[in-house]
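Chain by chain, the residues run as shown.
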Amino acid sequence: MPSTLSTAFDALTKTPGQVAVILVEPDRKLSSEGRKLDKACGGQISRALTAANFKGGRKSAIEVYALEGTDIQRLVIVGTGDVSKAAQQDWIELGGVIANQLTTRKITAAHIIVETASKAEGDGAQAAADLALGATLRSYTFRLHRTQPEQNDAPPTTLSELVFHVANVEGAQAAGGTSDAVAGGVTLARDLVNEPANILGPVEFAERCEDLAKLGVDVEVLDDEQLRELGMDAVLAVAQGSDRPARVVVMQWQGAKSKRTKPLCFIGKGVCFDTGGISLKPASGMEDMKGDMGGAAAVVGLMHTLAARQASVNAVGVIGLVENMPSGTATRPGDIISSLSGKTIEVLNTDAEGRLVLADLLWYVEDRFSPRFMINLATLTGAIIVALGREYAGFFCNNDRLANDLSAAGEDTAEKVWRMPLAKGYDRLIDSPNADMKNIGGRNAGAVTAAQFLQRFVTDVPWAHIDVAGVAMAANKTDISPSWASGWGVRILDRLVSDSYERSS
Ligand code: BES
Ligand code: MN
Ligand code: ZN
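Residues numbered from 1 in each chain as written. Chains lettered and ligands numbered in written order. Predicted model: local features only at pLDDT ≥ 70, side-chain atom pairs only at ≥ 80, totals over all residues. Heavy atoms only, no water.

## Some points on the sheet that holds strand β8 (residues 247–254)
The cut-off we apply is this: Strand pairing is assigned whenever DSSP identifies at least 2 bridges connecting the two strands. Secondary structure elements are defined from DSSP: runs of H or I of at least 4 residues count as helices, runs of E of at least 2 residues count as strands, and each element is numbered from the N terminus. Angles run from 0 to 180 degrees between N-to-C directions of axes, and those axes are lines fitted to C-alpha atoms, restricted for helices to the stretch in contact. Here, residues are in contact when the closest pair of their heavy atoms is within 4.5 Å.
Within the open sheet, the 8 strands sit side by side as β7-β8-β10-β9-β13-β17-β14-β15. Their pairing is mixed. With one partner strand each, in any of the chains shown, β7 (218–222) and β15 (417–419) form the two edges of the open sheet. On average, each strand axis in the sheet is inclined to that of its neighbour by 20°, with strand direction left out of account. When strand β14 (residues 393–397) meets strand β17 (residues 463–467), the two strands line up antiparallel, connected through 4 bridges. Bridge pairing in β17 links Phe395 to Ile466. Sitting on the sheet, helix α6 (residues 202–209) touches β7, β8, β9 (264–274) and β10 (314–324), and the angle it makes with β10 is about 160°.

Quick look at the structure:
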């Protein structure tokens, strides 16, 4: 992985080395290791806490230099806030906070004593793995194309090594395997979204998917000729304005006991660049449309995570990769196109292209895989950003159980989703006099009419559409998401799989 941070776990009893971190809860409660250290240095730590009037609040930190009677040259004391009832997500975020405290101090390697006074999360194994995940996610950078890292500003500090000291080292290493799998998937998704479109077109994106084979994922790339034979006319109608051909990638992970267990299917919009086509977008901010493949990136990241942690499910990821360009061969407004389903579509706005790609993928996946469910992710509409901003992704679902499971997974991972309505009255807005449907509704409820359009290509399977336009890129920065590309979707879907589908299969 391009992440430069390596994390490891070691015993609590090992001496923590030159740079150490301890965690302090409110009321200056030190852990037992913290008290030992305080004793060893003749009370230097408690004196510093008092002098700084340290409250132990979340995101507070102080530093003590040259700890007497120990090898520790720099001790960073990080406040945890109340962790007596902390959930997994709180530990992950705390890992991000610790990473940030270290980098702002230009520290590149440190030993972290995971223990807290209230001993939340038992022997510390899971907490250590969670902290490692949070620190890794926070340490993400995209510097692939910077040949001179030291530009005008100070050289950026990158955390390179963290050692987490815990009572249960083996437990932490086991839990850490899952953390690595998740971090790897999120990092992969972010890298794909950050990459500009001149470097990552449909062909190049598909090539990167082939790397998943190393993890045991079966990767199949359908080229434009195969798409034509299959009849994916809607995908091809979007791609035809570009010199770069379309690709559809099918990724299969078989982790269930039986190969015949119906798969969980994930589908992603992969518009490598969305100019709008002939219905050209305005110039300002168009560069963000290099991220219009954020749904596909999340699906690839998820497949990485599921395979890397050997998830005991059958899962399929399918992504549609195209570039939406204006040209002499581009689809025009008013054109009537066909689709894999046979249904015809009047394209009134070539900028409503993502739904055309997804229409064929949804039909293809339901027909080929008879899935347990289909979930598609797409940076589909600006309207969802108007409705929900960048806090929640909007989702649409034809099945209450799936909807509830998704919402719960979103709360647990802080990749939050808000359910939006599907209804006959909205569906009517995309009826067309000239074809089976048109690809845009009116001015109203733009995110909903887009979802209604997709639903016309789903027949009889639990299905959810998550509109990630507001969260996949240019989203709110958080303790664990520092980059323009968030990698949104990997963690919520991995959680959905592990919580609702792995235990039973
Ligand atoms: N990729 C865009 C949606 C988008 C907008 C994603 C902003 C991320 C940030 C999508 O293809 C699009 O252009 N949608 C149109 C639909 C309209 C023409 C009905 C939109 O939202 O304006
Ligand atoms: Mn568009
Ligand atoms: Zn788009």
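Read on for the rest.
## Re the coordination of the zinc ion (ligand 3)
Six octahedral donors at a metal ideally form angles of 90 or 180 degrees, and four tetrahedral donors ideally form angles of 109.5 degrees. Definition in use: Metal donors were taken as nitrogen, oxygen and sulfur atoms no farther than 2.8 Å from the ion, or 3.2 Å where the ion is Na, K or Ca. Water is excluded, so coordination may look unfinished. Every angle between 85 and 135 degrees makes a four-donor site tetrahedral, while opposite donors more than 155 degrees apart, with all other angles between 65 and 115, make a four-donor site square planar and a six-donor site octahedral; other sites are irregular.
Around the zinc ion (ligand 3), the protein contributes the donor atoms Lys269 (NZ), Asp274 (OD), Asp292 (OD) and Glu353 (OE), at 2.0 to 2.4 Å from the metal centre. Around the zinc ion (ligand 3), the 6 donor atoms are arranged such that angles at the metal cover 77 to 172°; this shape is classified as octahedral. Mapped onto the polypeptide sequence, the residues donating to the zinc ion (ligand 3) form the spacing pattern K-x4-D-x17-D-x60-E.

## Points about the coordination of the manganese ion (ligand 2)
Applicable threshold: The buried label goes to any residue with under 20% of its type's maximum accessible area, the exposed label to any with over 50%, and the partly exposed label to all in between, with areas taken from a 1.4 Å probe on protein chains only.
Within the first shell, the manganese ion (ligand 2) binds the protein through Asp274 (OD), Asp351 (O), Asp351 (OD) and Glu353 (OE), at distances of 2.0 to 2.2 Å. Site description for the manganese ion (ligand 2): donor spacing in sequence, D-x76-D-x1-E. Separating the manganese ion (ligand 2) from the zinc ion (ligand 3) is a distance of 3.1 Å, and Asp274 supplies a donor atom to each of them. Residue Glu353 is classed as buried on the basis of its relative accessible area, which comes to 1%.

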